[in-house]
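# Notes for the structure review
Below, each chain spelled out in residue letters.
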Amino acid sequence: MTKLIDGYLKQPEKILTDVYIAIHTCTDDTAKKFLEIRTNTMIPYVSIGTLKWSDWDMKAKTIKFTSVQNEAEKQSIVHLSNYTNKLLSELMPIARNSRYIFSDQLLPDKPIDLNELFQKRIGAKEIEVWAGLLHIQDFAKKLLTKNGFNTPDIDDYINHNHELISDSKRRELIARWGEFIEAANELAIIEIANSRVAI
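Quick caveat, the model's predicted, so the values are computed rather than measured. (Residues numbered from 1 in each chain as written. Predicted model: local features only at pLDDT ≥ 70, side-chain atom pairs only at ≥ 80, totals over all residues. Heavy atoms only, no water.)

### A closer look at helix α5 (residues 82-91)
Regarding α5, the residues found buried are T84, N85, L87, L88 and L91. Mapping the buried residues of α5 onto a view down its axis gives an arc of 155 degrees, with all of them on the same face. (Buried < 20%, exposed > 50% of the residue type's maximum accessible area, 1.4 Å probe, protein only. Helix = DSSP H or I, 4+ residues; strand = E, 2+ residues; numbered from the N terminus. Arc of directions from axis to C-beta.)

### Quick look at the environment of H160
Mapped onto the fold, H160 is located in the loop between α9 (151-158) and α10 (167-198). Residue class for H160 comes out buried when judged on its relative accessible area of 4%. Once residues lying within four places of it in the same chain are set aside, the contact partners of H160 are T41, M42, I43, P44, F65, S76, I77, V78 and Q137. (Contact = heavy atoms within 4.5 Å.)

### Describing the environment of L16
By the secondary structure assignment, L16 is in helix α2 (residues 12-25). Considered as a pair, L16 and A184 are 168 residues apart in the sequence and their alpha carbons are 5.6 Å apart. Those residues in contact with L16 that lie beyond four places of it in its chain are T39, I136, L143, W177, F180, I181 and A184.

### Thoughts on the side chain of E36
You can see E36 is positioned in helix α3 (residues 29-41). For E36, which is buried and forms no salt bridge, the nearest opposite charge comes from K33, at a distance of 5.5 Å. Aside from chain neighbours lying at most four places away, what touches E36 is Y20, I23, Y83 and L87. (Lys, Arg positive; Asp, Glu negative; His and termini not counted. Salt bridge = Lys/Arg side-chain N within 4 Å of Asp/Glu carboxyl O.)

### What about the packing of aromatic side chains?
Taken as a whole and assessed by the stated rule, the structure comprises 3 aromatic pairs. Here the aromatic rings of W53 and W56 are separated by 5.7 Å at their centres, their planes lie at 55 degrees, and the arrangement is tilted. Measuring from centroid to centroid gives 6.1 Å for W177 and F180, while their planes differ by 70 degrees, and the two rings are edge-to-face. Placement of both W177 and F180 in helix α10 is noted, with a separation of 3 residues, approximately one turn of the helix. F180 carries the same exposure label as W177, and that label is buried. (Phe/Tyr/Trp six-rings, centres within 6.5 Å; stacked < 30°, edge-to-face > 60°.)

Given below as structure tokens:
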């Protein structure tokens with residue numbers, strides 16, 4: 001795994017493409033949105049699993065989440081891109097009036113079972129996709145550093161300390177990360193199309 005991560009850190013764009021290939025080849029709409037929100041926001045996947053609709057402010061384009069750091073809970077507010085805000089709005093009819101954005105298939109009042117999500121619904125057991133989901137902050141830092149952003153701003157952005165960044169710099173970071181996501185999405189579509197032609 002360490003060798004794989006090191007390889008991806010040399011070509012961080014590659015992991016984003018691999019993740020988007022997994023997204024496009026997944027047949028479960030909810031699972032697709034889970035992967036996209038993880039990739040777009042870098043919110044820990046465990047925290048995404050417990051997000052509630054009441055945490056999301058569609059008008060302000062923000063979402064609150066809780067994570068655990070050094071055995072202590074941390075509350076964070078993430079500023080969302082227009083694309084991610086739209087993804088959440090598309091999830092509302094799928095959520096079946098559950099209080100959770102991602103709810104259990106059989107028990108809508110409970111948060112989603114992450115083991116069931118990854119093993120059955122996403123079907124993305126490839127080590128590359130796991131690496132992408134677990135280490136997305138590392139890849140984001142590498143890409144944003146290569147594109148001229150300074151380290152303190154990047155660290156605050158990827159660690160969800162958005163209140164420590166100026167509004168203009170935060171918008172710039174969100175926009176630049178969105179461009180990476182968009183490019184990876186387009187490349188994934190091309191790679192899938194080419195593999196189908198080859199078959």
